Amino acid sequence: LRLLLGPLLNKFPLYGAVTLFFLKPPEFSMDFTGLANVLDLPLIKNTFNDAIVKVISKEMILPNRLVFAIDKSSVDLDALRHPPPRGVLSVTVVKVCDVDDTDWIGKPDIFVKLSVGAHKCRTRTVDDVTTALFNETFEVLLTEFENRFLTIDVFDKDAIGADPLGGTLVNLSRVKNTEEMTLALSNSKKGKIIIRVACKEVSIVPANELLSP
């Protein structure tokens, strides 16, 4: 959880507002007891957890921010809630290789989920393989790169839901220009994913500096 005090004021209370946000979805665990113990069943518990994360994402996971004004006359709350983007993140999912084959019949039906804060995207599904070629590119506007992480999860699509095949994290603050990466998947014997990542800064031109046609 990040807490920002600002903008600075030259009078008491010194700060104009308090801003709260998460860089990525928080991890939490709940244990139900008594009559509510039925909620501990995996399908019900996961649905319940997803619903809570969705509510938090809407309000407090970047790019969403929760802002409390301390001095309403000195701050622009809308500007604090929706700061201009600092850059564009471009991610190309090139290939998933050698994932574990856990299906009783056939091979996995592979797809990849990407997330940065509240931004989420998904590749198409490649059926009945252990190595899948995607070459799919996704772009997202980011308000900051420092301490931001790209979360990558690989799944096997089933008739009901999907089974995890592994995942990994990329620290975006360490990415310079365009980089191709081959990353090992956690909880997989030899599975890996190949991606291309680029973090491009953007310049915002104030409206009063725009030239009239």
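Since the model is a prediction, treat every value here as computed from it, not as a measurement.

Undergrad: Break down the side chain of Thr-168 for me, citing the residues and quoting the values.
TA: Assignment of secondary structure puts Thr-168 in strand S9 (residues 162-171). You can call Thr-168 buried: its relative accessible area is 18%. In this view, Thr-168 contacts Leu-150, Thr-151, Ile-152, Leu-183, Ala-184 and Ile-193; residues no more than four positions away in its chain are not counted.

Undergrad: Which residues make up the pattern of salt bridges, and what are the values?
TA: The final tally for this structure, using the stated rule, is four salt bridges. The shortest N-O distance in the salt bridge between Glu-136 and Arg-124 comes to 2.7 Å. With Glu-136 in strand S7 (residues 132-142) and Arg-124 in the loop between strand S6 (119-122) and S7, this residue pair connects regions lying twelve residues apart in the sequence. Glu-136 sits in the buried class, given a relative accessible area of 18%. What makes Arg-124 partly exposed here is its relative accessible area of 39%.

Undergrad: Would you mind going over empty space enclosed by the protein in detail, with residue names and values included?
TA: Following the criterion strictly, the structure yields one cavity of 30 Å³ or more and no others. Here the largest cavity is characterised by a volume of approximately 90 Å³. Lining the largest cavity are Leu-89, Val-91, Leu-114, Ser-115, Val-116, His-119, Lys-120, Cys-121, Phe-138, Glu-139, Val-140 and Leu-150. Only strand S4 (87-97), strand S5 (110-116), S6 and S7 provide two or more residues apiece to the lining of the largest cavity. For the lining of the largest cavity, the per-class residue count stands at eight nonpolar, two polar and two charged.

Undergrad: Residue-level account of unusual backbone geometry, with values.
TA: Here the residue pair Gly-6 and Pro-7 is connected by a cis peptide bond, since its omega of 5° sits within 30 degrees of zero. Put simply, Phe-12 and Pro-13 share a cis peptide bond, and its omega is 15°. With a phi close to 60°, Asp-128 is a non-glycine residue in the positive phi region. By relative accessible area, which is 45% here, Asp-128 ends up partly exposed.

Undergrad: Let's hear about the sheet that holds strand S8 (residues 149-157): which residues, and what values?
TA: One open sheet holds the four strands; their spatial order is S6-S5-S8-S9, and the pairing between them is antiparallel. The open sheet terminates on both sides in strands that have one partner only, identified here as S6 and S9. Across this sheet, the average inter-strand angle for adjacent strands is 20°, counted without regard to direction. In this structure, S8 lies alongside S9, joined through nine bridges in antiparallel fashion. If you follow Lys-157 over to S9, its bridge partner there is Ala-162.

Undergrad: Explain the nonpolar core to me, using residue names and the numbers behind them.
TA: The biggest cluster of nonpolar side chains holds 31 residues, and the ones touching the most others in it are Leu-172 and Ile-193. Looking at this core, the elements with two or more residues in it are S4, S5, S7, S8, S9, strand S10 (178-184) and strand S11 (192-201). In terms of residue count, the dominant contributor to this core is S7 (five residues). Filtering out sequence-adjacent residues up to four positions away, Leu-172 remains in contact with Leu-89, Val-116, Leu-142, Phe-145, Arg-148, Phe-149, Leu-150, Val-197 and Cys-199. Membership of the second largest hydrophobic core comes to five residues, among which are Val-18, Leu-20, Met-60 and Ile-61.

Scoring rules and cut-offs
- Residues numbered from 1 in each chain as written.
- Predicted model: local features only at pLDDT ≥ 70, side-chain atom pairs only at ≥ 80, totals over all residues.
- Heavy atoms only, no water.
- Helix = DSSP H or I, 4+ residues; strand = E, 2+ residues; numbered from the N terminus.
- Buried < 20%, exposed > 50% of the residue type's maximum accessible area, 1.4 Å probe, protein only.
- Contact = heavy atoms within 4.5 Å.
- Salt bridge = Lys/Arg side-chain N within 4 Å of Asp/Glu carboxyl O.
- 1 Å grid on protein atoms, 1.4 Å probe; cavity = no way out; pocket = protein on both sides within 12 Å on 5 of 7 lines; lining within 4 Å.
- Points joined across faces, edges and corners; volume = space filled by probe spheres on them.
- Nonpolar A, V, L, I, M, F, W, Y, C, P; charged D, E, K, R; others polar.
- Pairing = 2+ DSSP bridges.
- Axes fitted to C-alpha atoms, helices over the stretch in contact; angles between N-to-C directions.
- Core = buried A, V, L, I, M, F, W, Y, C linked by side-chain atoms within 4.5 Å.

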